[in-house]
Amino acid sequence: MNRWPSIRRSFGMLLVFILGLTVTSAPIRHYAAFPNELRLFQGQARHLDYSMPVHARGTLDNGVAVVNGKEAPSFPVNLNRPLSIVPKQSGVTELKLKLFGRIPFKTVKLQVVPDLRVVPGGQTIGVKVKAAGIMVVGHHLVQTGPNKRSSPGEDAKLKLGDLIVAINGQPLNDVTKVASLAEESGRTGSPLKLEVRRGKQQFTTNLTPAFDQEDRAWRLGLYIRDSAAGVGTLTFYAPDQGVYGALGHVITDMDTQTPIVVGSGQILQSNVLSISKSQNGEPGEKRASIVKEGKTLGNVERNTPFGIFGKMDQLPEHAMHSEPIPVAFAEEVKEGPAEILTVVNGQKVEKFSIQIVHVSKQTSPATKGMVIRITDPKLLERTGGIVQGMSGSPIIQDGKLIGAVTHVFVNDPTSGYGCFIEWMLQDAGIMLEPLQTTSKAI
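Conventions used here
- Residues numbered from 1 in each chain as written.
- Predicted model: local features only at pLDDT ≥ 70, side-chain atom pairs only at ≥ 80, totals over all residues.
- Heavy atoms only, no water.
- Helix = DSSP H or I, 4+ residues; strand = E, 2+ residues; numbered from the N terminus.
- Rg over C-alpha atoms; globule rule 2.2 N^0.38 Å.
- Buried < 20%, exposed > 50% of the residue type's maximum accessible area, 1.4 Å probe, protein only.
- Areas by Shrake-Rupley, 256 points an atom, 1.4 Å probe, with all protein chains shown as cover.
- Pairing = 2+ DSSP bridges.
- Domains from an automatic or database assignment.
- Contact = heavy atoms within 4.5 Å.
- Buried area = accessible area lost by both parts, 1.4 Å probe.
- Salt bridge = Lys/Arg side-chain N within 4 Å of Asp/Glu carboxyl O.
- Polar contact = N/O pair within 3.5 Å; in protein donor to acceptor, adjacent residues only side chain to side chain.
- 1 Å grid on protein atoms, 1.4 Å probe; cavity = no way out; pocket = protein on both sides within 12 Å on 5 of 7 lines; lining within 4 Å.
- Points joined across faces, edges and corners; volume = space filled by probe spheres on them.
- Nonpolar A, V, L, I, M, F, W, Y, C, P; charged D, E, K, R; others polar.
- UniProt positions renumbered as here; feature names shortened; annotations may be inferred.

**Q** Which parts of the structure should I look at to understand the overall build of the chain?
**A** A count of helical and extended segments in the chain gives six helices and 32 strands. The C-alpha radius of gyration computed for the chain amounts to 29 Å, which surpasses the reference 22 Å derived for 442 residues by more than 25%, pointing to a less compact arrangement than a globule. By principal-axis analysis of the C-alpha atoms, the chain measures approximately 95 × 70 × 45 Å. Per-residue burial over the chain gives 45% buried out of 442 residues. Of the roughly 22,400 Å² of accessible surface on the chain, a fraction of 52% belongs to carbon and sulfur atoms.

Here's what the structure looks like:
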């Protein structure tokens, strides 16, 4: 009887078992988790603990950073103990680890950037924005005769979400001026020449107004809007740069759900009057009003996927933090406890406990960076979880500003999404984009 097939099968199974143990062993997993790139803020130390039974020799530019307090460009490293990297000045260097001082083991690209600190917000703000044109939010039929209806807007191939930026060569973002232009065009028989922005494209089209037999007026056959208003939360104020960030998500038109291209705008002091509690399937909301005689806090210059941004010349009232705190890179955020700052009554900013239950790995700007869950009994009792108007509430972990609340889960309002603060700071123009590199582990 030939026993070789049985022996080979058993030997193969043993090899698979040994390989499985090797791959899942702590040293191998820790080696795989060891970063190829590391970004640090100047003056903020980073501690790495991978518990690997490895002794190596390390080298790097000690003018940019030092490891374990070793000022020399070459130094011994015991990876079975925590590794402390202290950045000294802005720059890029490589931390090279070699076994026995000869065999390449790991190369980590270090990028040190200037220290950045901002004041976390939490204040409820009123937001008023004026579009950079006239927004098309719908079509309607004009009664042009007995049993005859038409929409000049549709005939001109205008779509919902289009932005009319100029009429007859004149920039326009005020709907009150459109009626007189339509009447003049109708009386003279000269079509209106529209400059239209659709997404990233811009084109011209002619629109001939129709005379409405019912209203006795010239109509475009369009529903249009030039502004939007709402309530949100201030995320941060950067005193050194005089800018702010808020909301954590883009402002869209309520009818077309397209992002509003901002022409101008302002954020104002707001007061929370009451809270409509969230329930499963029905998100709640903050009911707030603009403070009478309250001053304008800042302007609105940009509306991006990560919120609104603009100039602000001083820290708004009712801030919980009066001094700037450090911010975190996206890769520093971890699952575990954290806290948010927000207002649930009046103008008082309060601190509430949350849990970060999932963190997405993002090396470039993307929304939905983390999943958070409200754990604070007091906040759950007051709001039922995350409510509309809470978007932009700053998220703080380990003393650093790491992100902002963005969305609520409709079927579970105790949970929702957050975005990383790094992407908001980039859109605010005060943080550089991540270093692009093709370095690989050796």
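**Q** Help me understand the pairing of strand 3 (residues 55–59) in this model?
**A** As a general feature of sheets, a regular strand has side chains that alternate between the two faces. By the alternation rule, side chains of strand 3 split into Ala56 and Gly58, which are all buried, and His55, Arg57 and Thr59, of which none is buried. Inspection of the sheet shows strand 3 paired to strand 5 (residues 74–78) by five bridges, in the antiparallel sense. Following the sheet pairing, threonine 59 is matched in strand 5 by serine 74. As defined by bridge partners, strand 3 adjoins strand 7 (residues 91–99) across four bridges and the pair is classed as antiparallel. Paired with glycine 58 across the strands is leucine 97, a residue of strand 7.

**Q** Looking at this structure, I do not really get the pairing of strand 8 (residues 103–113). What am I missing?
**A** Most of strand 8 sits out of view: nine of its eleven residues are buried. Pairing of strand 1 (residues 37–41) with strand 8, which is carried by five bridges, proceeds in the parallel orientation. Residue leucine 40 lies in a different strand from strand 8, and its bridge partner there is valine 112. Pairing of strand 7 with strand 8 involves nine bridges; the strand directions are antiparallel. The residue of strand 8 that forms the bridge with threonine 93 is leucine 110. Connecting strand 7 to the antiparallel partner strand 8 that follows it, the hairpin turn spans three residues, and phenylalanine 100 within it adopts a positive phi of roughly 55 degrees.

**Q** For this particular structure, what's the right way to read the domain arrangement of the chain?
**A** For interface size, the figure often reported is the accessible area lost on association. Taken as a whole, the chain is organised into domain 1 (31–113), domain 2 (120–126 + 228–428) and domain 3 (141–220). Between domain 1 and domain 2, the C-alpha centre-to-centre distance is 36 Å. Each partner contributes residues to the interface: domain 1 has six residues there, and domain 2 has eight residues. Broken down residue by residue, the surface that domain 1 buries against domain 2 is led by Arg39, Phe41 and Gln44, which jointly contribute 77%. Between domain 1 and domain 2 we count three salt bridges in total. Inspection of the domain 1/domain 2 interface yields three residue pairs in polar contact (both at pLDDT 80 or more). In terms of residue count, the dominant contributor to the side of domain 1 that touches domain 2 is strand 1 (three residues).

**Q** Sorry if this is basic, but what is going on with the layout of surface pockets here?
**A** Considering only enclosed or pocket space, the second largest pocket measures out at about 720 Å³ in volume. Taken together, the elements giving at least two residues each to the lining of the second largest pocket come down to strand 10 (124–139), strand 19 (222–238), strand 22 (285–290) and strand 31 (400–409). If one sorts the elements of the lining of the second largest pocket by residue count, strand 19 sits on top with seven residues. Of the residues that constitute the lining of the second largest pocket, the class distribution is 18 nonpolar, ten polar and four charged.

**Q** Would you take a moment to explain the UniProt feature "domain: PDZ" (unreviewed entry) in the chain for this structure?
**A** The feature "domain: PDZ" (unreviewed entry), as annotated in UniProt, sits at residues 113–176 in this numbering. Structurally, residues 113–176 is divided into 6% helix and 55% strand, and its ends, taken at the C-alpha atoms, are 49 Å apart.

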